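# Structure assessment
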Amino acid sequence: MRHVAIVAVFLSIAACGSPAPQTTPAPSATPATGGAMVELGPPTTGPGSPSVDLGEARPADPSKFHKQAGYSPYAGRRYPERAYFGDQHLHTSWSVDAGGTGTTVGPEEAIRFARGEEIVSTSGQPVKLAQPLDWVVITDHSDAMGVISEIKAGNPEMMADATLKRWNQAFAQGGDAARNAVMELVKLQATKKLPPAVTDPKFAKAIWNKNTTLQEKYNEPGRFTAFIGYEWTSNAGGGDNLHRNVIYRDGKDKADMALPMTTFQSENPEDLWKWMAAWEQKTGGKLLAIPHNGNLSNGRMFPLTTFAGDVMTRAWAEERQKWEPLFEAIQMKGQSESHPSLSPTDEFAVNYEIWDRGNLTLVPKKPGMLQYEYLREALKNGLKVEQDLGANPFKYGMAAGTDTHNGLTAAEEDNFFGKFPQAEPAPGRWDEDALKFGDRVVKGWEMTAAGRTGVWATGNTRAELWDAMKRRETFATSGPRILVRFFGGYEFTTSDLSRMPAAVGYEKGVPMGADLAAAPAGKAPTFLVAAVKDPMGGNLDRIQIIKGWLDKNGKPQERIYDVVWGDAARRRIANGKLTPVGTTVNVATASFTNTIGDPELATVWQDPDFDPSVRAFYYARVLEIPTPRWTAYDAAYFKIQIPDPKVPMTTQERAFTSPIWYTPK
């Protein structure tokens, strides 16, 4: 990095002549407003000072200009310079399960909140983000989108139906009556017995038109991007979570040409891909889908079969890869990146935001399901499928979101507003039921304050952000705005390290989400990785590179490498493990200090175990030092004791980059 010292030279120039005595001018006969222009101040008495602030005036000589581009390191760049942070998974009062449980924050208020405005939450509390987002996708459920709001508002057309009128009265009554109405609605939806008005295409078109109009209103290219989107909510088999967020590259003109797909039409993800293909053919626009919560799919998110249980084909694998470039690694219902039973050597997977007891309705898991729910395992299995079929259906980049259902994309630990209105800040929310089906319960303290998607894009517009998502140049964080760059190549050296690694990264390699070319003879991949802490968050503990590969027998393997760490002078690798960074957290006051760790880390790392004949992938994981979890902030703010030792009071926030894949010749 260059440091340029600029010296300013100031020259004083003496004025010619002697100063004349100052006199007060006589009042002008012409008013200052209207009429002839007046001269204010003393009268002109001398020639004045030369109008020059650089010494002797020297007209520019164009023949002597330095015409070679390059002095400004920022001009002419054609690669992504900035990570744009957003939430690709947010529900408002227009979603049945949100509005039905009391959410009053609608899409417009949710967008204003994401843009940085202060609003009032459903529970009546003022709330504001620490920093505005750069972009957001409102992903209300496409099934009966907006129905709850219209029923609660007493839409005259709907009140003609006796069931809908009864629900209107139940919602007005609140409490158990409202809860029972929601459960009845969900049951009728599952059995395809909803009142006709709920699924009337005429009504659905009106709601969708309102939605797209709202996104256009708040979309400001270059400043804030409001994507058009929705959630397709397949709960196949009675709760196996196969949800996808569908994101439009285009605007209202194309989005209004067809209604979103619903699970009234199909619960099969393959049918969603067909719908997306048909939509693109009809409109000329572009779509992508982001699956989420594999941890609640009971083994159905990443199976090695089709939805119907048939054998995969190459065409099927290519379709999945085409429509689903990203996967949501972490959100409020836990993380789906890794599980300690699948990655037993991963110390940072143990007890980290695990929801693994059942599916979305808490139907218990059976042995063998977990391996088809977590992304790291899917990335490894994808290598095997590609070797067998010639295509990788699980070639996913990283994304994250909140999945909040109260309209508030608040992912900060000290600003956590829960998933539903009943989970907004209150003294006892840690012990309430976040999810309950009979005697099967997930407690409130298990909610995860997450997450954010960082997108390395050339600008803050729908097209530029969407294109970066499509090429998987993204990373996921558990909430903080950690910045991380990750490049792979064969020629990186330590001399390439700088505070601005992108120029050499793109010149000599490929970014996160891309593919490495087959290795030249005698070469092993080198990776340039750099991270900077969130200015408002904790220092960095370490950067790890996670590698997955196929061994000589075609069996998937993984290994985690600590490649650079904070406090390097006092820490070391002992018995194959990096010694801990320590902690400065004071749980009682929900505070910490940045006296350990480093504010930024960077290194060039070469794979010491590289075999050019086997398939592999690599991605970086950045870990912060320990900081207070939202449960600790609650305890300190409300002055309560949380007696349950199972409740975590600290966390290590993190970021995951999209992988870089290696394929042999």
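Just above, that's the structure.
Quick look at the structure, then.

Thresholds applied
- Residues numbered from 1 in each chain as written.
- Predicted model: local features only at pLDDT ≥ 70, side-chain atom pairs only at ≥ 80, totals over all residues.
- Heavy atoms only, no water.
- Salt bridge = Lys/Arg side-chain N within 4 Å of Asp/Glu carboxyl O.
- Helix = DSSP H or I, 4+ residues; strand = E, 2+ residues; numbered from the N terminus.
- Buried < 20%, exposed > 50% of the residue type's maximum accessible area, 1.4 Å probe, protein only.
- Axes fitted to C-alpha atoms, helices over the stretch in contact; angles between N-to-C directions.
- Left-handed = near helix turned anticlockwise from the far one by under 90°.
- Contact = heavy atoms within 4.5 Å.
- Nonpolar A, V, L, I, M, F, W, Y, C, P; charged D, E, K, R; others polar.

Our focus in this paragraph is the pattern of salt bridges. The full count for this structure, using the stated rule, is 47 salt bridges. Between R314 and E318 there is a salt bridge; the shortest N-O distance is 2.9 Å. Of this pair, R314 and E318 both sit in helix α11 (residues 314-323), four residues apart, which is roughly one turn of that helix. Its relative accessible area of 38% is what places E318 among the partly exposed residues. Between E558 and R376 there is a salt bridge whose closest N-O contact spans 3.0 Å. Within this pair, whereas E558 is found in strand β22 (residues 556-565), its partner R376 is found in helix α12 (residues 375-389), the two being separated by 182 residues in sequence. The exposure class of E558 is buried, given its relative accessible area of 17%. Residues joined in a network through salt bridges with shared partners are E337, D346, R376, E377, K380, E558 and R621.

Quick look at the packing of helix α5 (residues 162-173) against helix α6 (residues 175-190) now. Two numbers describe how α5 lies on α6: the axes approach to 6 Å, and their chain directions differ by 145°. Crossing angle aside, the handedness with which α5 passes α6 is left-handed. Contacts between α5 and α6 involve T163, R166, W167, A170, F171 and Q173 on the former and, on the latter, G175, A177, A178, A181, V182, E184, L185 and L188. Looking at the contact of α5 with α6 residue by residue, the classes come out as nine nonpolar, three polar and two charged.

On to unusual backbone geometry, then. The omega torsion across A450 and G451 is -10°, close enough to zero to call that bond cis. Within the fold, G451 resides in the loop between β14 (440-443) and β15 (452-457). Even without a glycine there, the phi angle at R472 is positive, about 70°. Relative to the assigned elements, R472 resides in the loop between α13 (462-470) and β16 (474-477). On the accessibility criterion, R472 (9% relative accessible area) is buried.

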